[in-house]
Number of protein chains: 2
Amino acid sequence: MSEEVDAGVTGERAGKRVRADAQRNTDALLSAAAEVFATSGVDAPVRQITAKAGVGAGTLYRHFPQRSDLIAAVFRHEVDACADAAPALAAQHEPLEALVKWLQRFTGFIGTKHGLSAALHSGDPAYSSLPAYFQQRFVPVLRALLDRAAEAGEVRSDVDPYDLLRATANLTLPAREDDGHTQRMVALLIDGLRFGAGGTVSGPGAG
Amino acid sequence: MSEEVDAGVTGERAGKRVRADAQRNTDALLSAAAEVFATSGVDAPVRQITAKAGVGAGTLYRHFPQRSDLIAAVFRHEVDACADAAPALAAQHEPLEALVKWLQRFTGFIGTKHGLSAALHSGDPAYSSLPAYFQQRFVPVLRALLDRAAEAGEVRSDVDPYDLLRATANLTLPAREDDGHTQRMVALLIDGLRFGAGGTVSGPGAG
DNA sequence: GACGATACGGAACAACGTTCCGCTTAGCAA
DNA sequence: TTGCTAAGCGGAACGTTGTTCCGTATCGTC
């Protein structure tokens, strides 16, 4: 799932040995960047990251020539964690409930990524690999949840998972403080999914 | 509708006479900013605007101490134009159709404002006046459309206009190219509105 | 035409992303 | 252990940005 994307970032390529200090600094940078991104967003000053990691600017640019490389590396495991949560939810809950709960989990994940949306849509080709990874991890997960709910007759079957993924992310990312707006609007989207579904129609309120 | 927001930006305050060169430069800056914003987004370098306007940096900061002042002044008439389109739509179309058509008009307006979303949600208090103006112009307009459609039994009545406004804008702004995603997702939102409404339930597809 | 108030322009400053290069250090061989 | 070499390191330095400041130019009036 991450054969090409990984190479050149973590430095654990097959044919080359990595010097110990290089690996150490890479890890320190990833750790520091994760903290700084969560605190100040992905647009945080580079020097803030290098200072926290205790390395020079040159070191950062050696390991992550593109800023997107650093961002991608930091977020990849969070993406994986969110995607991997879906099977458990599907096993524990009814189809619609599992779908709703995973979307809530997804909004929780996206909600901490301030500034990421702007970066993704900045038009800078350096960020082009990020949406691809998001997509290839999340689309199958959401498709499975949607299909299961559709087979149960609880949601309609004509909605593209990628559409719903983008829409949910777009609704979530711009929120600064959690005033319930995101949850209400995602619930509204889910009601839209249920509208006209084959199953029983009970009433609004998906969450 | 714009008593407080206007003062101090256009320079046409009541008690003070404005020097001719000051007014000339204000107009030149507004005109230049409008062009630059449309071309390079609202994050365009300040010097690009001052150069096009043929003024110094000091002149810009004198007339627009906050960057948001300039942005607000440039976009205000576009906001007004969009808001003012609602009554005509309401007069020409059925309640639900008028609501849908105005939301489409609204997405068209928002769709050209690349970078504005990031600015609005950057957390910088300097931009706090912009959402206020958007809100005070658009919320009453959308509320009227929603109320009319709700009275006709075509949509539910428990949706806050401001919520719907933000959601639609959030769905629209991040789009780089128009692949129909925004229209599909706004249609899904509208289906969510129709879900559980008092009137007849016909089937999905609001557009 | 002269005067005071107002506004102008661009140099100057601070903070940023990014590059570059002399120095350090890890890894290996003897 | 010692010495060698290539890889890697740190931070100074550069260009670009937003923003401020102040000597100078201009406007409006007498």
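Before going into details, it helps to say that this report is about the structure given with it. (Residues numbered from 1 in each chain as written. Chains lettered and ligands numbered in written order. Predicted model: local features only at pLDDT ≥ 70, side-chain atom pairs only at ≥ 80, totals over all residues. Heavy atoms only, no water.)

**Side note on the protein's contact with DNA strand C**
- Lining the immediate surroundings of DNA strand C are 23 residues, of which Ala20(A), Tyr61(A), Arg19(B), Asn25(B) and Arg62(B) lie closest.
- Sugar plus phosphate: this is where 54% of the atoms of DNA strand C within 4 Å of the protein reside.
- Contact between DNA strand C and Asn25(B): a phosphate oxygen at 2.6 Å from a side-chain N or O atom of the residue.
- At a separation of 3.3 Å, a phosphate oxygen of DNA strand C approaches a polar side-chain atom of His63(B).
- Looking at the surface near DNA strand C, the elements that each hand over two or more residues are helix H2 (20–40), helix H3 (46–53) and helix H4 (57–63) of chain A together with helix H2 (20–40) and helix H4 (57–63) of chain B.
- By residue number, the principal contributor to the surface near DNA strand C is H4(B), which donates five residues. (Near = heavy atom within 4 Å. Polar contact = N/O pair within 3.5 Å; in protein donor to acceptor, adjacent residues only side chain to side chain. Helix = DSSP H or I, 4+ residues; strand = E, 2+ residues; numbered from the N terminus.)

**Focus: the protein's contact with DNA strand D**
- In the vicinity of DNA strand D, 24 residues are found, and the nearest of them are Arg19(A), Asn25(A), Thr59(A), Arg62(A) and Val46(B).
- The contact atoms of DNA strand D, taken as those within 4 Å of the protein, divide so that sugar and phosphate hold 50%.
- In the model, a base nitrogen of DNA strand D is placed 3.3 Å from a nitrogen or oxygen of the Arg62(A) side chain.
- Those elements giving two or more residues to the surface near DNA strand D turn out to be H2 and H4 of chain A together with H2, helix H3 (46–53) and H4 of chain B.
- Here the surface near DNA strand D gets five residues from one element, more than from any other, and that element is H4(A).
- Classifying every residue of the surface near DNA strand D by side-chain character gives nine nonpolar, seven polar and eight charged. (Nonpolar A, V, L, I, M, F, W, Y, C, P; charged D, E, K, R; others polar.)

**Thoughts on the nonpolar core**
- Counting 112 residues, the largest nonpolar core has Leu99(A), Trp102(A), Phe138(A), Leu99(B), Trp102(B) and Phe138(B) as the members making the most contacts within it.
- Excluding residues that lie within four positions of it along the chain, Trp102(B) makes contacts with Cys82(B), Ala85(B), Ala86(B), Leu89(B), Phe138(B), Val141(B), Leu142(B), Leu145(B) and Leu165(B). (Core = buried A, V, L, I, M, F, W, Y, C linked by side-chain atoms within 4.5 Å. Buried < 20%, exposed > 50% of the residue type's maximum accessible area, 1.4 Å probe, protein only. Contact = heavy atoms within 4.5 Å.)

**Details of empty space enclosed by the protein**
Residue and element names in this part refer to chain B.
- Summed over the entire model, instances satisfying the criterion amount to one cavity of 30 Å³ or more.
- Approximately 30 Å³ is the volume found for the largest cavity.
- Considering the residues around the largest cavity, the lining is formed by Ala72, Phe75, Arg76, Val79, Leu130, Tyr133 and Phe134.
- Of all the secondary structure elements, the ones that give two or more residues to the lining of the largest cavity are helix H5 (67–92) and helix H8 (129–151).
- For the lining of the largest cavity, the element with the most residues is H5, which contributes four residues. (1 Å grid on protein atoms, 1.4 Å probe; cavity = no way out; pocket = protein on both sides within 12 Å on 5 of 7 lines; lining within 4 Å. Points joined across faces, edges and corners; volume = space filled by probe spheres on them.)

**Overview of the packing of aromatic side chains**
Residue and element names in this part refer to chain A.
- Scanning the entire structure with this criterion turns up 13 aromatic pairs over all chains.
- Aromatic pair Phe106 and Phe138: ring centres 5.1 Å apart, planes at 85°, arrangement edge-to-face. Taken together, the positions of Phe106 in helix H6 (residues 95–111) and Phe138 in helix H8 (residues 129–151) put the pair 32 residues apart, joining distant regions of the chain.
- Within the aromatic cluster, the residues linked to one another by ring pairs are Trp102, Phe106, Phe109, Phe134 and Phe138.
- Its guanidinium or amino end placed over the ring of Tyr133, Arg76 lies 5.1 Å from that ring's centre, counting from NZ or CZ. (Phe/Tyr/Trp six-rings, centres within 6.5 Å; stacked < 30°, edge-to-face > 60°. Lys NZ or Arg CZ within 6 Å of the ring centre and 35° of its normal.)

**Thoughts on the side chain of Thr107(B)**
All names here are of chain B.
- Along the chain, the position of Thr107 falls in helix H6 (residues 95–111).
- Engagement of the side chain of Thr107 in a polar contact is seen with the backbone oxygen of Gln104, the distance being 2.7 Å.
- Sequence-distant contacts of Thr107, defined by excluding residues within four places in its chain, comprise Thr168, Thr172, Thr182, Gln183 and Val186.

**Quick look at H3(B)**
Residue and element names in this part refer to chain B.
- Restricting attention to buried positions, one finds in H3 the residues Ile49, Thr50 and Ala53. The buried residues of H3 all sit within an arc of 95° when viewed along its axis, so they share a single face. Away from its buried face by more than 90 degrees, H3 exposes Arg47 and Ala51.
- Tucked into the core, H3 has its buried residues touching H2, H4 and H5.
- Looking one or two residues beyond H3, the residue adopting positive phi is Gly54, at roughly 75°. (Arc of directions from axis to C-beta.)

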